[in-house]
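Structural features, examined
Residues per chain, in single letters:
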Amino acid sequence: MDHAMDVLCGRVVPVKLGIIGVVNRSQQDINEQQDISEALKDEGAFLQKKYPAIANRNGTPYLARTLNRLLMHHIRDCLPELKTRVNVMASQFQSLLNCFGEPVDDKAQALLQVITKFAAAYCSTIEGTSRDIETTELCGGARICYIFHETFGKTLETLDPLGGLSMLDILTAIRNATGPRPALFIPEISFELLVKRQIRRLEEPCLRCVELAHEEMQRIIQHCGTQQEMMRFPKLHEKIVDVVTSMLRRRLPITNQMVENLVAILAYINTKHPDFHEASYITKSVMDNDVIDQRK
């Protein structure tokens, strides 16, 4: 008993809030369906008999009052901060709710409006008439213009028309075009073969330009997704992005094929072009000189 008194007084295990002893119902009391009020009376009688000095600081009623007091003090300390957090969160979510606009009654009309606004924003970003214009970097139509005139243009300027074409290649092409007989004049077929080979060098930078333009058009899709309607319907936004991205991806091989065809069309040599007039004059002068030499 003395050891139990020391434990209840906190001399064995010191704790901040103290130790409160209670007497619970035994299994026999539960089997006999003893009432709670009778169990509390038995508990009080036991504490008064065994521990009269501390009976008023132990027992189930005192434990209930102590826990209730601690809970009230905790609520009183945390309630102001909790109330502030609730008010802030309510204000934030109310602002978010206001951003979503009015309830949607006609879903088909709302869907058409969202798609139309996305298409208009995409076109305005390319044309440079968008309200949300970037000031830190080029984007949209300005970026595509930069790709065409700066990146692609400078690449063409640095491309040497005679690059990869040596004198040996020219002589070999001329000899292959003449066959077993030595030719008096330069065969035209050798000139066409060499020119077509050099023109095919334009294909790679052209395809690279198409790829850069395609990447920028995909970036525009993400730029147009910051509208209020897109934030309101995130799943619809993801679906629109997927559809437009897949559409651009499907058009990329067709565009590359068209560029390749344009490069192939460039391989046609128009000898009536003014740039060929000087060459024709030189050829005529050489032929006249040969005729004069033969007469002499």
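Secondary structure assignment for the protein yields 12 helices and 0 strands. In the protein, the order of α-helices and β-strands from amino to carboxyl end is α-α-α-α-α-α-α-α-α-α-α-α. For the protein, the residues scored as buried account for 20% of the 296 residues in total. Sequence-distant contacts in the protein: of pairs separated by 6 or more residues, those separated by 24 or more amount to 72%. Surface accessibility of the protein: about 22700 Å² in total, with carbon and sulfur atoms responsible for 59%.

Before going further, it helps to examine unusual backbone geometry. A positive phi angle is found at Gln33, which is not glycine, with a value near 55°. For Gln33, the position within the fold is in the loop between helix H2 (27-31) and helix H3 (36-50).

On to the packing of helix H6 (residues 141-157) against helix H9 (residues 203-223). Relative orientation of the contacting elements H6 and H9 amounts to 160°, with a least axis distance of 10 Å. The pairing of H6 with H9 is recorded here as roughly antiparallel in orientation. Two packed elements cross with a definite hand, and for H6 against H9 that hand is right-handed. Across from Arg143, Ile144, Ile147, Phe148, Thr151, Phe152, Thr155 and Leu156 in H6, the residues of H9 making contact are Pro205, Cys206, Cys209, Leu212, Ala213, Glu216 and Met217. Considering only residue class, the contact of H6 with H9 consists of 11 nonpolar, 2 polar and 2 charged.

It is worth spelling out the nonpolar core at this point. By size, the foremost hydrophobic cluster in this structure holds 11 residues: Val114, Phe118, Ala121, Tyr122, Ile220, Ile221, Cys224, Ile240, Val241, Val244 and Leu248. Residues in contact with Leu248, not counting those within four places in the same chain, are Tyr122, His214, Met217, Gln218 and Ile221. Ranked by size, the runner-up nonpolar core spans 9 residues in total, among them Ile199, Cys206, Val210 and Leu212.

Let us now look at the side chain of His214. Here His214 is to be found in helix H9. Look past the residues within four positions of His214 in its chain and what remains in contact with it is Leu248, Arg249 and Leu252.

Between its first and last C-alpha, helix H5 (residues 107-127) extends 30 Å over 21 residues, near the 30 Å set by a 1.5 Å rise per residue. Of the residues making up H5, those classed as buried are Ala110, Val114, Phe118, Ala121, Tyr122, Ser124 and Thr125. The opening residue of H5 is Asp106, an N-cap whose side-chain oxygen sits 3.3 Å from the backbone nitrogen of Ala108.

Before going further, it helps to examine the pattern of salt bridges. Within the structure shown, the criterion is met by 3 salt bridges. Salt-bridge contacts for Arg219 lead to Glu216; the nearest nitrogen and oxygen are separated by 3.3 Å. Here the residue Arg219 and the residue Glu216 both occupy positions in helix H9, the gap between them amounting to 3 residues, near one helical turn.

What sets the pattern is the α-helix's 3.6 residues per turn: residues three or four places apart point alike. Over its 12 residues, helix H7 (residues 167-178) extends 17 Å from the first C-alpha to the last, a length consistent with the 16 Å expected when each residue adds 1.5 Å. Gly179 sits one or two residues past H7 and shows a positive phi near 75°.

Cut-offs applied
- Residues numbered from 1 in each chain as written.
- Predicted model: local features only at pLDDT ≥ 70, side-chain atom pairs only at ≥ 80, totals over all residues.
- Heavy atoms only, no water.
- Helix = DSSP H or I, 4+ residues; strand = E, 2+ residues; numbered from the N terminus.
- Buried < 20%, exposed > 50% of the residue type's maximum accessible area, 1.4 Å probe, protein only.
- Contact = heavy atoms within 4.5 Å.
- Areas by Shrake-Rupley, 256 points an atom, 1.4 Å probe, with all protein chains shown as cover.
- Axes fitted to C-alpha atoms, helices over the stretch in contact; angles between N-to-C directions.
- Parallel < 35°, antiparallel > 145°, perpendicular 65-115°, else oblique.
- Left-handed = near helix turned anticlockwise from the far one by under 90°.
- Nonpolar A, V, L, I, M, F, W, Y, C, P; charged D, E, K, R; others polar.
- Core = buried A, V, L, I, M, F, W, Y, C linked by side-chain atoms within 4.5 Å.
- Expected span 1.5 Å × (residues − 1).
- Polar contact = N/O pair within 3.5 Å; in protein donor to acceptor, adjacent residues only side chain to side chain.
- Salt bridge = Lys/Arg side-chain N within 4 Å of Asp/Glu carboxyl O.

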